[in-house]
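A look at the structure
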Amino acid sequence: MKKFIIGSILSVLLLTIGIGIQQGLLFAKPLPYDDEQKGLDTQITIHLSHVVAENTPKGLAANKFAELVEEKTDGEVKVHVYPNASFYNDENEFKALQNGDVEMIIPTFSKMTTYLPKWQVLDLPYLFNTDEEVHDVLTGSIGEQLLAELEPYQVKGLGFWHNGFKHLTSADLPIHTFENLQGLRVRTMPSKTLEKQFETVGAIPVPISFSEVFSDLEKHAIEAQENTASNIYSKGFYKVQQHMTLTKHGILGYSVLMNEKFWQSLPSKIQKQITEAMKETTDWQFEQAVLMNEKDLRKLQQLDNFEIYKMSAKERARFKEKLVPVYDYYYANVDDEKILEQIQKIVSP
Ligand code: LMR
């Protein structure tokens with residue numbers, strides 16, 4: 001009996017060792033070291049969430065930034081980009097950033113005005129005339145002053161990116177003059193200055209999240225909206241709007257934001273590499289944004305059932321004059337005339 005028990009134990013033991021060797025569980029050689037595994041133990045991951053399509057000034061820049069960061073850090077930092085509000089949307093992305101649930105977001109500066117009222121200066125109508133003026137303001141000392149406003153929010157501002165000039169689209173009737181906006185429900189980004197802009201011409205501003213604009217236009221819950229050619233084309237707004245008026249009445253641009261705690265946790269060498277990647281992306285991005293809006297406007301011009309009008313110089317001047325009270329609103333409600341004065345020194349009147 002004793003022999004039988006010892007025999008059985010030995011057989012089970014031998015069988016287990018045999019299976020172990022066959023499955024490579026025992027005496028397994030370590031896997032050959034290859035690129036896939038390189039630095040896995042030390043890798044830093046940045047999740048970057050944004051709300052637009054990939055083929056847009058912001059979408060392309062986010063991907064370019066990811067590439068450059070990976071290249072400059074020799075793969076030590078990986079940036080995973082989540083476009084199209086697939087991770088966080090307009091409503092929840094800033095809170096997610098502050099909580100450290102996501103490391104980076106790229107909201108329009110207009111959407112940040114809920115937290116940073118001084119950024120409304122960038123929403124003032126007819127403030128900028130050219131993309132170069134926007135570049136000089138956003139990438140110079142004024143941009144730095146605006147980014148410094150983020151400090152109390154534990155958010156690091158890496159810089160600003162550009163999309164382009166906004167135009168108007170509408171459903172049933174074209175907008176040839178500002179009077180045509182009267183009574184229309186117009187979607188805006190959540191910025192008091194933008195809301196004031198539409199109230200001033202008798203329209204009804206409706207602040208809603210970018211990811212809902214298409215369906216709300218489709219349902220006629222809103223009748224018009226303002227945006228760049230690139231956003232209008234990439235989100236297919238032309239399918240649910242019949243008219244576009246080239247007004248160039250304001251700009252749309254972005255703040256590139258990182259969770260401050262995460263930024264502070266990075267070794268200084270990596271911070272430097274990220275800063276370089278950001279600078280390189282920004283230079284490239286401003287040029288691409290202009291080209292992309294030109295290209296997307298040409299595509300919009302070729303569409304059937306989508307009419308594009310250029311607001312005449314005379315109507316443009318009337319529109320600008322009509323919107324002067326928006327500046328009065330800004331002076332009365334946003335306690336910072338200095339930034340506007342500095343911008344006015346850079347832009348042509
Ligand atoms: C919008 O909401 O219209 C834009 O801010 C979308 C974007 O991020 O470009």
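Please refer to the structure higher up on the page.
Residues numbered from 1 in each chain as written. Predicted model: local features only at pLDDT ≥ 70, side-chain atom pairs only at ≥ 80, totals over all residues. Heavy atoms only, no water.

**Digging into the layout of surface pockets**
- Counted as a void, the largest pocket has a volume near 470 Å³.
- Lining the largest pocket we find 22 residues, and of these Glu144, Leu147, Gly157, Leu158 and Gly159 sit closest to its centre.
- Elements that contribute at least two residues to the lining of the largest pocket include exactly helix H4 (131–139), helix H5 (141–148), strand E4 (155–170), helix H9 (260–265) and helix H10 (268–301).
- Counting residues per element, the lining of the largest pocket draws most heavily on E4, which supplies six residues.
- Taken as a whole, the second largest pocket encloses approximately 400 Å³ of empty space.
- Residue assignment for the lining of the second largest pocket shows that the elements contributing at least two residues are E4, strand E8 (243–259) and H10.
- Take the lining of the second largest pocket: its biggest share by element is five residues, from H10.
- Counted by class, the lining of the second largest pocket contains seven nonpolar, seven polar and five charged residues. (1 Å grid on protein atoms, 1.4 Å probe; cavity = no way out; pocket = protein on both sides within 12 Å on 5 of 7 lines; lining within 4 Å. Points joined across faces, edges and corners; volume = space filled by probe spheres on them. Helix = DSSP H or I, 4+ residues; strand = E, 2+ residues; numbered from the N terminus. Nonpolar A, V, L, I, M, F, W, Y, C, P; charged D, E, K, R; others polar.)

**Re empty space enclosed by the protein**
- Throughout the structure, instances matching the rule amount to one cavity of 30 Å³ or more.
- Its boundaries defined by the atoms lining it, the largest cavity holds a volume of some 60 Å³.
- Of the residues that constitute the lining of the largest cavity, the class distribution is six nonpolar, three polar and three charged.

**Topic: the packing of aromatic side chains**
- Tallied over the entire structure, the rule returns 12 aromatic pairs.
- Between Tyr126 and Phe319, the aromatic rings sit 5.8 Å apart at their centres with planes inclined by 75°, giving edge-to-face as the arrangement. On the criterion of sequence distance, the pair formed by Tyr126 in the loop between strand E3 (104–105) and H4 and Phe319 in helix H11 (residues 313–322) is long-range, its members being 193 residues apart.
- What makes Tyr126 buried here is its relative accessible area of 7%.
- A ring pair is formed by Tyr233 and Tyr238, whose centres lie 5.6 Å apart and whose planes are at 20°; its orientation type is stacked.
- By relative accessible area, which is 26% here, Tyr233 ends up partly exposed. (Phe/Tyr/Trp six-rings, centres within 6.5 Å; stacked < 30°, edge-to-face > 60°. Buried < 20%, exposed > 50% of the residue type's maximum accessible area, 1.4 Å probe, protein only.)

**What to know about the pattern of salt bridges**
- If you walk through the whole model with that rule in mind, you get 12 salt bridges.
- In this structure, the salt-bridge partner of Lys78 is Glu70, at a minimum N-O distance of 2.7 Å.
- A relative accessible area of 26% places Lys78 in the partly exposed class.
- By relative accessible area, which is 30% here, Glu70 ends up partly exposed. (Salt bridge = Lys/Arg side-chain N within 4 Å of Asp/Glu carboxyl O.)

**A short note on unusual backbone geometry**
- A positive phi angle, near 55°, is found at Tyr126, a position not held by glycine.
- Residues other than glycine seldom take positive phi values, yet Lys248 does so here, at roughly 50°.
- Mapped onto the elements of the fold, Lys248 is located in strand E8.
- In this structure Lys248 comes out as partly exposed when scored by relative accessible area, which is 32%.

**Concerning the site of the ligand**
- The ligand sits among Val51, Val52, Lys58, Thr108, Lys111, Arg187, Met189, Phe210, Asn227, Asn231, Leu252 and Tyr254.
- Lys58 is positioned with one of its side-chain polar atoms (N or O) 2.7 Å from an oxygen atom of the ligand.
- Between Tyr254 and the ligand, the recorded distance is 2.5 Å, taken from a side-chain N or O atom to an oxygen atom.
- The fraction of the free accessible surface of the ligand (270 Å²) that becomes covered by protein chains is 100%.
- The cavity where the ligand resides is the largest cavity.
- Within the shell around the ligand, the residues separate by chemical class into six nonpolar, three polar and three charged. (Near = heavy atom within 4 Å. Polar contact = N/O pair within 3.5 Å; in protein donor to acceptor, adjacent residues only side chain to side chain. Areas by Shrake-Rupley, 256 points an atom, 1.4 Å probe, with all protein chains shown as cover. Sits in = over half its atoms within 2 Å of the grid points.)

**Some details on the nonpolar core**
- Ranked by size, the top nonpolar core spans 50 residues in total, and within it Trp119, Val121, Leu122, Phe128, Leu181, Phe319 and Ile343 carry the most contacts.
- Taken together, the elements giving at least two residues each to this core come down to helix H3 (93–99), H4, H5, E4, E8, helix H12 (324–333) and helix H13 (337–346).
- Here this core gets four residues from one element, more than from any other, and that element is E4.
- Ignoring anything within four residues of it in the chain, the contact list for Trp119 reads Phe109, Met112, Thr113, Leu146, Leu147, Glu149, Leu150, Phe160 and Ser255.
- Core analysis: the next-biggest nonpolar cluster, separate from the first, contains 28 residues, Ile46, Met189, Trp263 and Ile270 among them. (Core = buried A, V, L, I, M, F, W, Y, C linked by side-chain atoms within 4.5 Å. Contact = heavy atoms within 4.5 Å.)

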